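Examination of the molecular architecture
Below, each chain spelled out in residue letters.
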Amino acid sequence: MNTVAIAIDGPSGAGKSTLARMTAKEFGYIYVDTGALYRTVGLFTLRRGVDTKDRESVAALLPEIRIEMRYAGGVQRMILNGEDVTDLIRTPEVSMAASEVSAIPAVRAFLLDTQRDMAKKYNVIMDGRDIGTVVLPDARIKIFLTASAAERARRRFRELRDRGVETDFETVLRDIELRDRNDSSRDIAPLRPAPDAVMCDTTEHDLEASFALIRRIIRERI
Ligand code: DC
């Protein structure tokens, strides 16, 4: 079967996951959140007390890691060596660990097939940082979603607060800026739009307007 892939890349907090989830529902695709894979490796590394910036030590852990992605009612569950860690990978600490381990080439290579296999089997809308450039360079549609750092921090702060995570706006903004720098400046698969990506800036758009924009981009191309 020939499958169709839609790639959505962009910095943290641009609204990729919310919009990709809505789009997947609308078009009947499977939403693949690839950040969750890096988060799961980050969680494992933290649990083992290994420095997430130490390339060799993190690479040495990889043979001990088995990650499965399961889908239940449209929700992606992350299974780490048999344990469901879906709800444990959403903390600020794991976010930073994910950003750090994602700069390690062995980690990226380790997660590549898992991502490509999903796109071989299903029609997917996949979000991440390098989906249009590295993971699925032949994706039918590529969208690069951005918003200003301050706006992304506002959205992320609201989301964390609503989930009961204690934090303050300044910390969230600093984390976002630091992750932007990490994700864009690393030498392997840095965050960067594919040459054929459609650029989508949502700073001035609320969720409904952003969704309308993405829906139009997809309808025009499929
Ligand atoms: O999308 P997210 O915030 O859950 O991603 C967590 C981290 O994982 C992010 O800081 C960078 C990294 N990541 C990546 O390098 N490549 C991807 N395709 C997805 C995420």
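Residues numbered from 1 in each chain as written. Predicted model: local features only at pLDDT ≥ 70, side-chain atom pairs only at ≥ 80, totals over all residues. Heavy atoms only, no water.

Attention shifts here to the packing of helix α2 (residues 35-47) against helix α4 (residues 92-101). At a minimum axis distance of 8 Å, the contact between α2 and α4 shows a crossing angle of 105°. One element, α2, and the other, α4, form an angle in the roughly perpendicular class. Contacts between α2 and α4 involve Tyr 38, Arg 39, Val 41, Gly 42, Leu 43, Thr 45 and Leu 46 from the first element and Glu 93, Val 94, Ser 95, Ala 97, Ala 98 and Val 101 from the second. (Axes fitted to C-alpha atoms, helices over the stretch in contact; angles between N-to-C directions. Helix = DSSP H or I, 4+ residues; strand = E, 2+ residues; numbered from the N terminus. Parallel < 35°, antiparallel > 145°, perpendicular 65-115°, else oblique. Contact = heavy atoms within 4.5 Å.)

According to the stated counting rule, one finds 21 salt bridges in the structure shown. Among the salt bridges present, the one from Glu 151 reaches Arg 154, with a minimum N-O distance of 3.2 Å. Taken as a pair, Glu 151 and Arg 154 lie in helix α7 (residues 149-162) at a separation of 3 residues, close to a single helical turn. Classification of Glu 151 by relative accessible area gives buried; the value is 15%. In this structure Arg 154 comes out as partly exposed when scored by relative accessible area, which is 38%. Each of Glu 26, Arg 215 and Arg 219 takes part in a single network of salt bridges with overlapping partners. (Salt bridge = Lys/Arg side-chain N within 4 Å of Asp/Glu carboxyl O. Buried < 20%, exposed > 50% of the residue type's maximum accessible area, 1.4 Å probe, protein only.)

It is worth spelling out the environment of Gly 132 at this point. Locating Gly 132 in the fold gives a position in helix α6 (residues 131-135). Classification of Gly 132 as buried rests on a relative accessible area of 4%.

We now examine the site of the ligand. Near the ligand lie 15 residues; those nearest to it are Thr 34, Arg 39, Arg 108, Arg 129 and Arg 186. Within the side chain of Asp 130, an N or O atom sits 3.1 Å from a nitrogen atom of the ligand. In the complex, 96% of the free accessible area of the ligand, which totals 450 Å², lies under the protein chains. Contributions of two or more residues to the shell around the ligand are made by α2, α4 and α8 (169-185). Class assignment for the residues of the shell around the ligand results in 3 nonpolar, 5 polar and 7 charged. (Near = heavy atom within 4 Å. Polar contact = N/O pair within 3.5 Å; in protein donor to acceptor, adjacent residues only side chain to side chain. Areas by Shrake-Rupley, 256 points an atom, 1.4 Å probe, with all protein chains shown as cover. Nonpolar A, V, L, I, M, F, W, Y, C, P; charged D, E, K, R; others polar.)

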